[in-house]
Amino acid sequence: MIRIGLLGASKIAPKAIITPTAAREDCIIQAVASRDPERARLYANEHSIPYIENSYEALIARDDIDLIYNALPPNRHCELSLLAAEHGKAVLCEKPFAMNSDEARRMVDAAKKAGTVLIEAFHYRYHPAFLDFEALVASGKLGKTEEIRGVFNVHIPNRDGELRYISELGGGALMDLGCYPLHAMRTLLGVEPTVISAENHYEDTHDVAVASVAELDFGGVPGFLECDMSPSAIYENHIDVIGSRGTARMTRPVHPYRWNPHLGFEIATVIDGEKDLKTLLNSPETYKRSTYAYQLDHVVSVMNGDVAALTGGADAIANMAAINAILSR
């Protein structure tokens, strides 16, 4: 039985790990920690969590916890991952992995030294829809890759305490949204990008970039990244791969299962003039299962020693390095 401890009474945890855990017999949500005791109590009651702690450190130190789920803001990822490694705990750490690549390297090194599991929660990476898209790109059916593009735009309101608008907590469009297409492009090509040019757009009322665009070079393959969380952002989320023989676009790769089947993900291809369209409607039933459920499958398999982690490690360090390089322009 894998006993899970939640750092923070977060909004994302119910869909990201509480619900997937409830569907399994080999995992349990054991405890939740919050700096607000009343919030922790109410959250534990709502989600039938047996134990609460009033500090993150106390939860990590518990003997009855095997896996830490860290959904706190990025500025708390490094410190608490290091502490978890000291206590021999596995960690599923929400994206973005850290504040910068130096922190990411410290986290990875600590987990490696301790012999513990440390995985970045890029949940989209484990879903059959993305795995199919990855296989298509790798198959060579599109010919030689000539260009890749990744876009994730969606307005995020600047409510009181919204971490995405607070620089010291790790906010910004690239950290929260752009990290997804950046990771997907790196994954599909298997090459680390060089930043050719980048623009990061700041508004007078914020100290974070509310939108970023970057021109990238993936070992000779041009790449383009766009992300926008400003009030003017119009929803757009897709990955495009342009090859010498054809093109492929995956829409809504982050949550392919969540939408109405008529508005769900699409993998649209044109190869040698032949068009094909795969949607949620004409895909296997397994595609309707959530990315988070597949993510937990993977985490359990990694903890059981059955597979190597697909996210985290050198991959997490490299993604943070690319983010840092874009933001430094």
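Treat the numbers as computed from the prediction; the structure is a model and nothing was measured.

Asker: Outline the packing of aromatic side chains, supporting the account with residue identities and numerical values.
Answerer: Given two aromatic rings, their pairing is described by the distance between the two centres and the angle made by the two planes. Here the structure, examined in full by the defined rule, presents six aromatic pairs. Geometrically, the ring pair formed by Phe122 and Tyr180 is edge-to-face, given 5.5 Å between the ring centres and 75° between the ring planes. Of this pair, Phe122 sits in the loop between β6 (118–120) and α6 (128–139) while Tyr180 sits in helix α7 (residues 173–189); the two residues are 58 residues apart in sequence, bridging distant segments of the chain. When its relative accessible area of 0% is taken as the criterion, Phe122 is described as buried. The class for Tyr180 is buried, based on a relative accessible area of 9%. Ring pairing ties together the aromatic residues Phe122, Tyr124, Phe130, Phe152 and Tyr180, which thus form one cluster. Positioned above the aromatic ring of Tyr51, the side-chain terminus of Arg62 is 4.6 Å from the ring centre. The ring centre of Tyr294 lies 4.6 Å from the NZ or CZ of Arg289, which sits over that ring.

Asker: How would you summarise the sheet that holds strand β7 (residues 145–153) if you had to cite specific residues and measurements?
Answerer: What links the strands of a sheet is backbone hydrogen bonding, and the strands pair in either a parallel or an antiparallel sense. The strand order across the open sheet formed by eight strands is β8-β9-β10-β7-β11-β12-β13-β14, and the pairing between neighbours is mixed. Every other strand in the sheet has two partners, leaving β8 (194–202) and β14 (274–279) as the edge strands with one partner each. Averaged over all pairs of adjacent strands, the angle between their axes in this sheet comes to 10°, without regard to strand direction. Taken together, the six bridges between β7 and strand β10 (residues 221–228) define a ladder with parallel strand orientation. When the bridges of β10 are listed, Asn153 appears paired with Asp228. The sheet contacts of α6 involve β11 (236–243), β12 (246–251), β13 (266–271) and β14, and relative to β12 the element is tilted by about 165°.

Asker: So what's going on with the nonpolar core? Residues and values would help.
Answerer: Among the nonpolar cores identified, the biggest contains 73 residues, and Phe97, Phe133, Leu216 and Ile326 are the most heavily contacted of them. The element best represented in this core is α7, accounting for eleven residues. The contact partners of Phe133, leaving out residues within four places of it in the chain, are Leu188, Ile239, Val241, Ala248, Arg249, Met250 and Ile267. Membership of the second largest hydrophobic core comes to 30 residues, among which are Leu6, Val32, Ala71 and Leu296.

Asker: Give a description of the pairing of strand β4 (residues 67–70) that names residues and reports values.
Answerer: Every second residue of β4 is oriented toward a common face, with Leu67 and Tyr69 on one face and Ile68 and Asn70 on the other, all of them buried. Sheet topology places strand β1 (residues 2–7) next to β4; four bridges connect them, and they run parallel. Across the sheet, the residue bridging to Leu7 is Asn70, located in β4. Note that β4 and strand β5 (residues 90–93) share four bridges and pair parallel.

Asker: Help me get a handle on helix α1 (residues 13–22), residues and values and all.
Answerer: Taken across its ten residues, α1 has seven buried, putting it largely inside the fold. Among the residues of α1, those classed as buried are Ala13, Pro14, Ala16, Ile17, Ile18, Pro20 and Thr21.

Reading guide: rules and limits
- Per chain, residue numbering runs from 1 following the sequence as it is written.
- In keeping with the predicted nature of the model, local features appear solely for residues at pLDDT of at least 70, side-chain atom pairs appear and are counted solely at 80 or more, and the whole-chain, interface and lining totals rest on all residues.
- Side-chain metrics rest on all non-hydrogen atoms present in the structure, leaving aside hydrogens and water.
- Pairing of aromatic side chains here covers Phe, Tyr and the six-membered ring of Trp, requires ring centres within 6.5 Å, and sorts the geometry by plane angle: under 30 degrees stacked, over 60 edge-to-face, intermediate tilted.
- The helix count covers DSSP runs of H or I at least four residues long, the strand count covers runs of E at least two residues long, and both are numbered beginning at the N terminus.
- Partly exposed residues are those whose accessible area sits between 20% and 50% of the maximum for their type, while under 20% is buried and over 50% is exposed, using a 1.4 Å probe and protein chains only.
- Charge-over-ring placement is defined geometrically: NZ (Lys) or CZ (Arg) within 6 Å of the ring centre, and within 35 degrees of the ring normal.
- For two strands to count as paired, DSSP must find a minimum of two bridges between them.
- Only C-alpha atoms enter the line fits that serve as axes; for helices the fit covers just the stretch in contact. Angles between N-to-C directions range over 0 to 180 degrees.
- Every residue pair with non-hydrogen atoms within 4.5 Å of one another is taken to be in contact.
- Residues belong to one nonpolar core when they are buried, are Ala, Val, Leu, Ile, Met, Phe, Trp, Tyr or Cys, and are joined through side-chain atoms within 4.5 Å.

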